[in-house]
Amino acid sequence: MKNAHRKFLSAATLAGITLLAGCGNANTITFWNPLTGDDGAYMDALVAEYNETDPEFPVESVITADMYTKIYTVMNSGKDIPDLTLIHADRVPQFADLDMLEPVEGLMTTNTDLKADNYLEVAWNAGNYEGTQYTVPLDIHGNAMYYNTDLLDKYDANTFLDDDVVTIEEILSLDGKLDEGQYAINNALIEWVALANVVNVGGDISDEAGNPTINTDAMKTVVEQLKSVADAGLMSPYGEDGYAMFQSGDVLFSTDGTWTSTAHGSVEGLNFGVTNIYSVTPDKFTNRSSAHLFSLLNNEDRTDEKEQGVADFLSWMRENSIDWAGAGQIVASKEVFESEEYQQYPQSFFTSSDVEKEASYIFEYKYYSYVESALATVLSDMIYGNITIDEGLDQAQKTVEDLIAENAS
């Protein structure tokens, strides 16, 4: 695989990037991103490869753990604004409403390959807010469900995968059949599982007026269904690391992320595959997702020539981002995800059909991050019976309403 030798940068490459960062060259594209994990090494390698093409505007990759805080700081001061940023989908409505983003129509005009037809639809649309395109996508990354093939064989559960929709009913059918210390499902990213299933039952996290809708019948139905799995002793125990339990071979299904395929693949003896997040209904499945999106912060100092350099970099990334798949991401470029080489990656499952592409769901609610955080705070306690569902949903609803009010003030 091409990406094998690019996973980590050589000392020489790092020295080159350090020199680039220190020179303060006006012809350098300063690129901020929040990729603090292994994905940051993949991105740095891609940037280094691009710079080896000797572009007029080389790119300086700056990985920043508190990137969003720093963005607000530089936008308030008007100084040291980066030329290019990689932001998450849920930031687009917030940044656009604050007039922090420059539309990308200019980039699309100068480099005509930067257009919707060349990208995964859900990823492209994630950057469109109130009819204006603010971003060019890099990827989709979201909830995925891994399964232990050995345990599926052991418990004669392979038929669960026949229609690509594992249901709560099928999981509950394992009640009383599992060995002590083994579980049907873990609780990894359980808030994402709940949010996906709210969509499955026809609910949402906000109404047409923009008010949060957490304490609803739809959410209560979902939590009740998740609780039924925990009550049956089929979910990994409260407070224990269900992700690690899957890697140790004691969990059939793990609901973590597309990016963790690389970690699972490094575990010796772990035989696994990937499918959709389990559903409370057999009629629909949804994989809660987000996206990494290239964006331009409003910056009067960025010249037209430098914007052309940004467009050239994004065009290159569209054609050459196969190595980004090594980070476990669903690459947004159609040229990449439709390539034969991409099919070797587990996450290619999520672009294998139109149905799978449509199952990746990105919430467009401006205050999505508040909803996810508030739900995560109470969800496990509701599922494991530490608080009632009514209490938990009421608390989460109030938390989000208070955060919105605080933001408005």
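The structure presented is a predicted model; accordingly, all values stated were derived computationally and were not measured.

**Q** I'd like a description of the packing of aromatic side chains, backed by residues and values.
**A** Under the counting rule described, the total for this entry stands at 17 aromatic pairs. Taken together, the aromatic side chains of Phe31, Tyr50, Phe294, Phe313 and Trp316 make up a single cluster linked through ring pairs. The aromatic ring of Tyr68 is capped on one face by Arg91, whose charged end is 3.8 Å from the ring centroid. When the ring centre of Trp192 is taken as reference, the NZ or CZ atom of Arg288 above it lies at 3.8 Å.

**Q** Please give an account of helix α16 (residues 368-383) that cites residues and values.
**A** Over its 16 residues, α16 extends 21 Å from the first C-alpha to the last, a length consistent with the 22 Å expected when each residue adds 1.5 Å. In α16, a bend of some 35 degrees at Ala376 exceeds every other bend along the element. Among the residues making up α16, those that are buried are Tyr368, Val371, Glu372, Ala374, Leu375, Val378, Leu379, Met382 and Ile383. Packed against the buried residues of α16 are α9 (190-200), α10 (217-231), β12 (287-297) and α17 (389-408). Looking at the residues trailing α16, positive phi occurs at Gly385, about 80 degrees.

**Q** Now, about the domain arrangement of the protein: what can you tell me, with residues and values included?
**A** The domain boundaries assigned to the protein delineate domain 1 (29-141 + 289-361) and domain 2 (143-288 + 365-408). Here domain 1 and domain 2 have C-alpha centroids that lie 28 Å from each other. Taken together, the 21 residues of domain 1 in the interface contact 17 residues of domain 2. A salt bridge links Asp97 to Lys366, with the nearest nitrogen and oxygen atoms 3.1 Å apart.

**Q** Requested: an account of the nonpolar core, with residues and values cited.
**A** The nonpolar side chains of soluble globular proteins are, as a tendency, buried together. Membership of the largest hydrophobic core comes to 73 residues, with the highest contact counts inside it found for Ile71, Leu84, Phe294, Phe313, Leu314, Trp324 and Tyr342. Among the elements that make up this core, the one with the highest residue count is helix α13 (residues 304-320) (6 residues). The two domains that each donate at least three residues to this core are domain 1 (29-141 + 289-361) and domain 2 (143-288 + 365-408). Dropping the residues within four chain positions of it, Phe294 is found in contact with Phe31, Leu84, Thr85, Leu86, Tyr134, Thr135, Val136, Pro137, Leu138, Phe313, Leu314 and Met317. Counting 54 residues, the second-largest nonpolar core is a separate cluster that includes Leu152, Ile190, Val199 and Met382.

**Q** Talk me through the layout of surface pockets; I want residue IDs and the actual numbers.
**A** Within this model, the largest pocket holds a volume of roughly 660 Å³. Forming the boundary of the largest pocket are 30 residues, of which Glu121, Val122, Asn125, Ala126 and Glu364 lie nearest the centre. Of all the elements in the fold, those that place two or more residues in the lining of the largest pocket are α4 (91-97), α6 (121-125), β5 (128-129), α14 (334-337), α15 (354-359) and β14 (360-361). The greatest single-element share of the lining of the largest pocket, amounting to 4 residues, is contributed by α6. Each of domain 1 (29-141 + 289-361) and domain 2 (143-288 + 365-408) accounts for three or more of the residues forming the lining of the largest pocket.

**Q** How would you explain the sheet that holds strand β11 (residues 272-275) if you had to name every residue and give the values?
**A** Strand order across the open sheet formed by 4 strands is β9-β10-β8-β11, with mixed pairing between neighbours. In the strand order of this sheet, the two ends are held by β9 (183-185) and β11, each with one partner. With direction set aside, neighbouring strand axes in the sheet form an average angle of 20 degrees.

**Q** Let's hear about the side chain of Ser315: which residues, and what values?
**A** Among the structural elements, Ser315 can be located in helix α13. Other than its neighbours up to four places away in sequence, Ser315 contacts Asn111, Asp113 and Leu114.

**Q** Let's hear about the pattern of salt bridges: which residues, and what values?
**A** All chains considered together, the criterion is met by 14 salt bridges. When the shortest N-O distance is used, the salt bridge between Asp66 and Lys70 registers 3.7 Å. Here Arg318 ties to Glu319 by a salt bridge, and the two come within 3.6 Å at their closest N and O atoms. Ionic contacts of the salt-bridge type, sharing partners, join the residues Asp113, Arg318, Glu319 and Glu335 into one network.

**Q** Tell me about unusual backbone geometry, and please be specific about residues and values.
**A** Phi is positive for Asp54, close to 60 degrees, though the residue is something other than glycine. Along the chain, Asp54 falls in the loop between α2 (38-51) and β2 (59-63). Exposure remark for Asp54: the relative accessible area of 66% places this residue in the exposed category. Of note in the backbone geometry, Asp156 takes a positive phi value of approximately 50 degrees without being a glycine. Relative to the helices and strands, Asp156 resides in the loop between α7 (149-154) and α8 (168-172). By relative accessible area, Asp156 is classed as exposed at 66%.

Reading the values: the criteria
Residues numbered from 1 in each chain as written. Predicted model: local features only at pLDDT ≥ 70, side-chain atom pairs only at ≥ 80, totals over all residues. Heavy atoms only, no water. Phe/Tyr/Trp six-rings, centres within 6.5 Å; stacked < 30°, edge-to-face > 60°. Lys NZ or Arg CZ within 6 Å of the ring centre and 35° of its normal. Helix = DSSP H or I, 4+ residues; strand = E, 2+ residues; numbered from the N terminus. Expected span 1.5 Å × (residues − 1). Bend = angle between axes of the 7 residues up to and from the residue. Buried < 20%, exposed > 50% of the residue type's maximum accessible area, 1.4 Å probe, protein only. Contact = heavy atoms within 4.5 Å. Domains from an automatic or database assignment. Salt bridge = Lys/Arg side-chain N within 4 Å of Asp/Glu carboxyl O. Core = buried A, V, L, I, M, F, W, Y, C linked by side-chain atoms within 4.5 Å. 1 Å grid on protein atoms, 1.4 Å probe; cavity = no way out; pocket = protein on both sides within 12 Å on 5 of 7 lines; lining within 4 Å. Points joined across faces, edges and corners; volume = space filled by probe spheres on them. Pairing = 2+ DSSP bridges. Axes fitted to C-alpha atoms, helices over the stretch in contact; angles between N-to-C directions.

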